[in-house]
Amino acid sequence: MIEISDSAVLDDKQRRVIAKIEPFTTGLDLRVTRGHSTPLSQLSTIAKLAKEYKVSFPEFSQDNVDEMVEVPGVGLVYRWQRTHSRLLHIGVIVNPPRTCTILESYVRPTGEEMLGKLMDPSPHITSDPIDFSQKVNGVPNIKLAARILTRAKAAGAGIKYVKIENVNGCCHCDLERTA
């Protein structure tokens, strides 16, 4: 069975994919934790992580996605940009709410150094992915969650790929264009 979090914002396409995944959960419980997001909700995620990892810069503000500030030695940046870059630098992977330049060294899992390069906003803002909790039957088991979703993908559920996000405790599923 698939349960949908009250906070998960889903469209018809995402709901159709979830319905196609459901038969692969017989006897098991999975939970959808996230669908669409807004830039402001993505900034809230960054704020929560900044607090948790104690990496907030003085100019950081979680109230305005577009406000910029002049930082000596850095230049004109979003108020959240240095905090976002520091999170990436320490290994906390989170997309920004707006396309921005990465201000600190961050090496993607592919080996690409992102310092000075642009990073796009979260796909939850620009596309239609679905995140599933790492928990199966209420117990953390991200590998089992990923196996269930991968089986559904192979059977044509409309999933483009399944990405395990250990730090976020979820399986991120990008959807096929025609799902």
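As shown above, the structure is provided for reference.
Residues numbered from 1 in each chain as written. Predicted model: local features only at pLDDT ≥ 70, side-chain atom pairs only at ≥ 80, totals over all residues. Heavy atoms only, no water.

Let's talk about the overall build of the protein
For clarity, the cut-off: Helix numbering and strand numbering both begin at the N terminus, where a helix is a DSSP run of H or I of at least 4 residues and a strand a DSSP run of E of at least 2. Here the radius of gyration uses the C-alpha set of atoms, whereas the globule reference equals 2.2 Å times the residue count to the power 0.38. Any two residues having at least one pair of non-hydrogen atoms within 4.5 Å are treated as being in contact. Positive charges come from Lys and Arg alone, negative charges from Asp and Glu alone, with His and the N- and C-terminal ends not counted. Charge placement uses NZ in Lys and CZ in Arg. For Asp and Glu, CG and CD serve respectively.
In terms of regular secondary structure, the protein is built from five helices and 11 strands. In terms of overall dimensions, the protein is globule-like: its C-alpha atoms have a radius of gyration of 17 Å, near the 16 Å expected for 179 residues. Taking as baseline every contact in the protein between residues at least 6 positions apart, the subset at least 24 positions apart corresponds to 53%. Within the protein, one finds 23 positive and 21 negative side-chain charges whose respective centroids are separated by 5 Å.

Quick look at the pairing of strand β2 (residues 30-34)
Under the convention used in this document: Strands are treated as partners if at least two bridges between them are detected by DSSP. A right-handed crossover is one whose linking path, passing over the helix from the first strand to the second, runs clockwise when the strands point away from the viewer.
For strand β1 (residues 2-4) and β2, the ladder comprises three bridges, and the chain directions are parallel. Bridge pairing links Ile-4 to Val-32 in β2. The parallel pair β1 and β2, bridged by helix α1 (residues 12-21), forms a crossover whose chirality is left-handed. Relative to strand β7 (residues 130-133), β2 is paired through two bridges, and the arrangement is antiparallel. Residue pairing across strands places Arg-34 opposite Asp-131, the latter belonging to β7.

Observations concerning a nonpolar patch on the surface
Quick note on the threshold: Nonpolar side chains (Val, Leu, Ile, Met, Phe, Trp, Tyr) are joined into patches within 5 Å and like charges within 9 Å, using only residues with over 30% relative accessible area and no salt bridge. Values of accessible area rely on a 1.4 Å probe in the Shrake-Rupley scheme; residue burial ignores everything except the protein chains shown. A pair is scored as a salt bridge if a Lys or Arg side-chain nitrogen falls within 4 Å of a carboxyl oxygen belonging to Asp or Glu. Only protein chains enter the accessibility calculation, which uses a 1.4 Å probe. A residue is then buried if its area is under 20% of the maximum for its type, exposed if over 50%, and partly exposed in between.
Taken together, the side chains of Tyr-53, Ile-90 and Val-167 define a hydrophobic patch exposed on the protein surface, amounting to about 270 Å² of accessible area. Within the element layout of this structure, Tyr-53 appears in helix α2 (residues 39-53). Classification of Tyr-53 by relative accessible area gives partly exposed; the value is 35%.

Things to note about the packing of aromatic side chains
Counted only if it meets this: Two aromatic rings, drawn from Phe, Tyr or Trp (for Trp, its six-membered ring), form a pair once their centres lie within 6.5 Å of each other, and the interplanar angle then sorts them: stacked below 30 degrees, edge-to-face above 60, tilted otherwise.
Going through the model one piece at a time under the given rule, you end up with one aromatic pair. Here Tyr-78 and Trp-80 contribute two aromatic rings whose centre-to-centre distance is 4.6 Å and whose plane-to-plane angle is 10 degrees, an arrangement assigned as stacked.

Overview of helix α3 (residues 81-89)
In an α-helix, one turn spans 3.6 residues, which is why side chains three or four residues apart end up on the same side. Counting buried residues along α3, seven of its nine residues qualify, which places the element largely inside the surrounding structure. All buried positions along α3 are accounted for by Gln-81, Arg-82, Thr-83, His-84, Ser-85, Leu-87 and Leu-88.

As for α2
Just so we agree on the cut-off: Helix span, expected: 1.5 Å multiplied by one less than the number of residues in the helix.
The terminal C-alpha atoms of α2, which comprises 15 residues, lie 21 Å apart, in line with the 21 Å expected from a rise of 1.5 Å per residue. Taken together, the buried positions of α2 are Pro-39, Gln-42, Leu-43, Ile-46, Ala-47, Leu-49 and Ala-50. Looking at the packing, one finds that the buried side of α2 touches β2, α3 and α4 (123-126).

Brief notes about unusual backbone geometry
In this structure, Lys-54 is a non-glycine residue whose phi angle is positive, near 55 degrees. The backbone of Asn-137 shows a phi angle near 55 degrees, a positive value even though the residue is not glycine. Residue position: Asn-137 is located in the loop between β8 (135-136) and β9 (139-140).

Brief notes about the state of the cysteines
For clarity, the threshold we go by: For this text, the term disulfide refers to a pair of cysteine sulfurs within 2.5 Å.
As enumerated under the stated definition, the model contains zero disulfides in all. Left unpaired, Cys-173 is separated from the closest cysteine sulfur, that of Cys-171, by 6.6 Å. Taking relative accessible area as the criterion, Cys-173 reaches 1% and is therefore assigned buried.

Things to note about the pattern of salt bridges
Between side chains of opposite charge, pairing is possible as soon as their charged atoms come close. Under the definition given, this model contains eight salt bridges. Here Arg-98 makes a salt bridge to Asp-66, at a shortest N to O gap of 2.7 Å. Taken together, the residues span a long stretch of sequence, with Arg-98 in the loop between α3 and β5 (100-101) and Asp-66 in the loop between α2 and β3 (68-71) at a distance of 32 residues. Glu-67 is the salt-bridge partner of Arg-79, the closest N and O atoms lying 3.0 Å from each other. Note that Arg-79 is positioned in the loop between β4 (75-78) and α3 and Glu-67 in the loop between α2 and β3, a separation of 12 residues in sequence. We classify Glu-67 as partly exposed; its relative accessible area is 32%.

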